[in-house]
Amino acid sequence: MDIYWRIGTHGDQPSLRRGLSSRGDWTPTGPGSIAPGLRGGALDGYSYLDHMADVARAAEVSGFTGGLLPSFPFTDDPWAATAALVRETRTFRFMVAFQPGFLDPVHTARLSASLQRASGGRLVYNVITGGGGPAQLWWGDPVAHDDRYARTGEFLAALRGTWGAEPFDLDGRFYDVRGAHLPEDLATQAMPEIYFSGSSPAAIQTAGAHADYYLSWLEPFDALREKFAQVREQSAALGRKPRFALRIDVLARPTEGEAWAEIERGWDNVDPAALDFDTAGDSVGAARSRAFIRGPVRTARDLEAEPQVWGGFHLLRGGPAFGLVGSYQQVAARLDELVELGADAFILAGVPHLEESYRVGSEVLPLLSTRPTAPSRPVQPVDSSIHHLTRSAS
Amino acid sequence: MSRDPRFLVTLPTREERRWAGYGVAEQRAQLVRAAEIAGLDGVVAPYDVHGEDSLVAAADALRHTRWLEVVQEFHPFSLNPVYAAKVAASTQRFTQARLGWQLAVDAPVLSQPTPAADTPAERYARAAEFLTVARGVWENPDFTFEGVYHTVVNGGFREALAGLPFPRLHLTGTSDEALRLSAEHADVHVFTDPATITEGARRLRSLTDRPLQIALATTITVREHAEELRDAAPDPGGLSGTYDDVAGLITELSHDVDAFVLTAHPRIEETYRIGEHLLPLVRATATAGAR
């Protein structure tokens with residue numbers, strides 16, 4: 001089973017106890033800041049990318065298949081980070097989040113194949129069609145919600161069409177493609193797997209045709225079961241059998257009491273005004289999360305929708321609401337249940353990402369009834385050995 | 001010239017050497033190291049629709065050097081300008097602002113987002129919109145633009161992405177459209193013919209009062225002795241001669257030219273040669289001239 005970690009692209013907090021970031025430079029650099037930090041009162045010359053490199057290496061040695069790099073208006077860019085870091089890791093796969101609307105499909109094919117070649121095939125896509133609202137216009141994308149999914153479909157069709165040595169044409173609604181193909185050396189690279197984000201009917205329609213994995217945030221289990229069934233049904237009509245991936249924050253400790261105590265420490269610092277869930281944008285996923293909590297919210301445990309499934313993570317750090325809270329055994333057991341329910345891959349995360357990747361890798365992953373995918377052989381980070389492996393494999 | 005001109009070399013985009021088990025990425029990596037250690041000022045990662053991608057080359061070159069400016073050449077139709085600027089902003093953050101941009105407006109593309117820009121006028125109009133938007137979101141925390149090809153509403157970089165140096169912008173071409181785009185937007189205009197660069201620079205400067213740098217991209221063949229040049233088979237359109245000859249030529253050209261983008265084969269060995277034998281002559285001359 002492919003089990004990914006997350007590499008934050010917007011700095012990180014040293015814990016969930018206070019929503020204060022000291023890693024990266026989204027807050028002023030001062031004593032205790034990391035990447036960049038201060039040395040003798042001056043900036044130490046490191047950038048946030050150096051911390052991202054540390055997280056990638058930590059997750060790699062901890063047994064994760066790779067890492068998801070998210071993309072939002074205020075974050076660093078996943079392509080820029082991935083292209084810089086592939087030669088500093090060996091087996092780690094880089095899952096690049098991007099919106100197809102911002103890139104030309106033929107350009108994306110050549111960019112991706114070049115990265116596949118440089119990394120030994122370690123690029124993975126997280127295709128996002130967009131949360132919409134003001135953010136979409138910030139990005140320079142005026143296309144409406146359902147049309148964006150049509151564009152994503154056209155983009156992925158053009159990308160697949162281009163990925164080969166034969167010329168490909170598409171007189172499309174969104175893209176004008178003429179005689180596109182990859183250079184011979186790049187055409188033999190494998191196309192990256194696609195983790196497809198989106199929860200709306202339009203998303204499911206598009207994902208069914210193109211996704212390797214249908215990616216969802218964690219939700220209460222019945223809701224996930226229902227969603228999986230819906231995607232299976234729509235995919236069956238297209239003659240495909242979908243696979244599912246879940247993006248899950250975990251807070252795991254030796255005992256359940258210690259885990260909740262950690263949440264409570266963070267909860268004490270939450271501004272009560274923040275308990276209104278954010279309503280900006282036309283993201284169906286965000287609206288779904290909001291709907292799972294009923295009744296007044298006064299304590300942290302009021303957001304526990306079902307055992308270990310806690311819907312307050314967004315109050316303690318940026319990102320989705322739901323995650324798992326509990327002992328190592330409890331969290332592992334819930335993850336196992338999710339596998340039974342239909343999950344084929346996980347993208348896990350925890351704050352702080354560096355330290356929690358070591359913890360989850362050593363304490364939780366070994367308790368799962370399934371193992372993270374082990375690389376069949378070490379892939380060296382440099383182009384030399386990639387050629388070597390390609391030749392010996394043929 | 002009161003300052004030394006900058007010297008850059010061009011990175012390969014396709015496999016040029018037959019090294020058993022090693023490909024273009026290794027050729028590129030060794031050339032980047034050579035340029036850094038031999039004291040050149042930068043490298044250019046070219047746009048090549050039939051070769052490796054320039055973002056991958058540029059990001060890798062920047063990550064593995066301390067000093068080099070890395071000019072990434074790309075086609076402005078390949079991505080939305082907000083996104084291009086955002087990738088560049090992260091790259092500037094990661095590399096102490098050593099990224100440069102070069103737009104390949106005249107180069108072929110195999111695809112573009114609709115509406116397609118096909119005629120030269122349309123292509124340059126699209127490129128101008130691209131640059132207006134890219135710089136607009138970079139420099140303004142609240143930027144709105146409605147064009148034929150690009151639309152942004154309440155855009156603009158904030159927080160850690162704000163306040164960074166915009167990539168030094170290189171543009172090319174000798175058509176009227178190309179020179180007009182440069183007059184409006186470029187930091188550096190890159191010419192490719194040593195014989196006509198002075199005239200080209202004059203035409204360009206007549207269009208604008210902005211301080212605009214001139215670069216010459218050319219092949220170069222230099223040797224210690226004149227008789228060694230015959231075996232080296234220099235490219236007739238490029239710079240060639242003994243170290244002293246070419247240093248003299250470059251010093252003369254430096255009245256008009258701020259940067260030289262050099263291509264010499266084999267790239268790695270010739271980069272060492274340029275760094276050890278040519279640059280000391282040129283830089284000594286420029287420094288002496290400035291005294």
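Residues numbered from 1 in each chain as written. Chains lettered and ligands numbered in written order. Predicted model: local features only at pLDDT ≥ 70, side-chain atom pairs only at ≥ 80, totals over all residues. Heavy atoms only, no water.

## A closer look at the overall build of chain A
Summing up its helical and strand segments, chain A has 14 helices and 15 strands in all. Dimensions of chain A, computed from C-alpha atoms along their principal axes, come out at roughly 60 × 55 × 45 Å. Counting over 394 residues, chain A shows a buried share of 59%. At a minimum sequence separation of 6, the contacts of chain A that also span at least 24 residues come to 71%. Charge centroids of chain A, computed over 37 positive and 48 negative side chains, lie 3 Å from each other. (Helix = DSSP H or I, 4+ residues; strand = E, 2+ residues; numbered from the N terminus. Buried < 20%, exposed > 50% of the residue type's maximum accessible area, 1.4 Å probe, protein only. Contact = heavy atoms within 4.5 Å. Lys, Arg positive; Asp, Glu negative; His and termini not counted. Charge placed at Lys NZ, Arg CZ, Asp CG, Glu CD.)

## Here's the deal with the sheet that holds strand S7 (residues 168-171) of chain A
Ordered in space as S7(A)-S8(A)-S5(B), the three strands form an open sheet in which the pairing is antiparallel. Edge strands, defined here as strands with exactly one partner in the open sheet, are S7 of chain A together with strand S5 (111-113) of chain B. In this sheet, neighbouring strand axes are inclined to one another by 10° on average, regardless of whether the strands run parallel or antiparallel. Bridge count for strand S8 (residues 175-180) of chain A against S5 of chain B is three bridges, and the pairing is antiparallel. Across the sheet, residue Asp176 of chain A finds its bridge partner in S5 of chain B, namely Gln112 of chain B. Across the sheet, helix H5 (residues 145-162) of chain A lies against S7 and S8 of chain A, angled at about 160° from S7 of chain A, the strand it touches most. (Pairing = 2+ DSSP bridges. Axes fitted to C-alpha atoms, helices over the stretch in contact; angles between N-to-C directions.)

## Observations regarding the pairing of strand S14 (residues 323-327) of chain A
All names here are of chain A. Where burial is concerned, most of S14 is hidden: five out of the five residues are buried. Alignment of strand S11 (residues 244-253) against S14, held across five bridges, turns out to be parallel. Paired with Leu251 across the strands is Val325, a residue of S14. Bridge count for strand S13 (residues 309-310) against S14 is two bridges, and the pairing is antiparallel. Across the sheet, the residue bridging to Val309 is Leu324, located in S14.

## Observations concerning the environment of Ala195 of chain B
Position of Ala195 of chain B among the secondary structure elements: in the loop between strand S9 (188-191) and helix H6 (197-205). Along the backbone, Ala195 of chain B and Gly238 of chain B are 43 residues apart, and their C-alpha atoms lie at a distance of 9.3 Å.

## Examining the side chain of Arg98 of chain B
Residue and element names in this part refer to chain B. For Arg98, the position within the fold is in the loop between helix H3 (81-94) and strand S4 (99-103). Of the side chains bearing the opposite charge, Glu36 lies closest to the buried Arg98, which forms no salt bridge; the N-O distance is 5.1 Å. Residues within four places of Arg98 in sequence aside, it is in contact with Leu62, Thr65, Arg66, Trp67, Leu68, Glu69, Val70 and Gln92. (Salt bridge = Lys/Arg side-chain N within 4 Å of Asp/Glu carboxyl O.)

## With respect to the packing of aromatic side chains
Tallied over the full model, the rule gives 30 aromatic pairs over all chains. Pairing Phe92 of chain A with Phe94 of chain A gives two aromatic rings, centres 5.4 Å apart and planes at 80°, and the pair type is edge-to-face. Per residue, the accessibility class of Phe92 of chain A equals that of Phe94 of chain A, and both read buried. Taken together through their ring pairs, the aromatic side chains of Phe102, Trp138 and Trp139 of chain A together with Phe74, Tyr83, Trp101, Phe130, Trp138, Phe157 and Phe166 of chain B make up a single cluster. Sitting over the face of the ring of Tyr213 of chain A, Arg243 of chain A holds its NZ or CZ atom 4.4 Å from the ring centroid. Here the basic side chain of Arg126 of chain B rests over the ring of Phe77 of chain B, its NZ or CZ set 5.0 Å away from the ring centre. (Phe/Tyr/Trp six-rings, centres within 6.5 Å; stacked < 30°, edge-to-face > 60°. Lys NZ or Arg CZ within 6 Å of the ring centre and 35° of its normal.)

## A word on the pattern of salt bridges
This model, assessed by the stated rule, comprises 41 salt bridges over all chains. Between Arg93 of chain B and Asp76 of chain A there is a salt bridge, with the nearest N and O atoms lying 2.8 Å from each other. Remark: Asp76 of chain A occurs in the loop between strand S4 (66-69) and helix H2 (78-85) and Arg93 of chain B occurs in helix H3; the pair is interchain, linking two chains. Both residues of the pair, Arg93 of chain B and Asp76 of chain A, belong to the buried class. One salt bridge connects Glu306 of chain A with Arg334 of chain A, and the closest N-O pair in it is separated by 2.8 Å.

## Quick notes on the confidence of the model for chain A
In the predicted model, chain A carries a mean pLDDT of 89, and 90% of its residues have values of at least 70. Scored below 50 in pLDDT, residues 380-394 of chain A makes 33 contacts in the model with residues more than four places away or belonging to other chains. (pLDDT = per-residue confidence, 0-100.)

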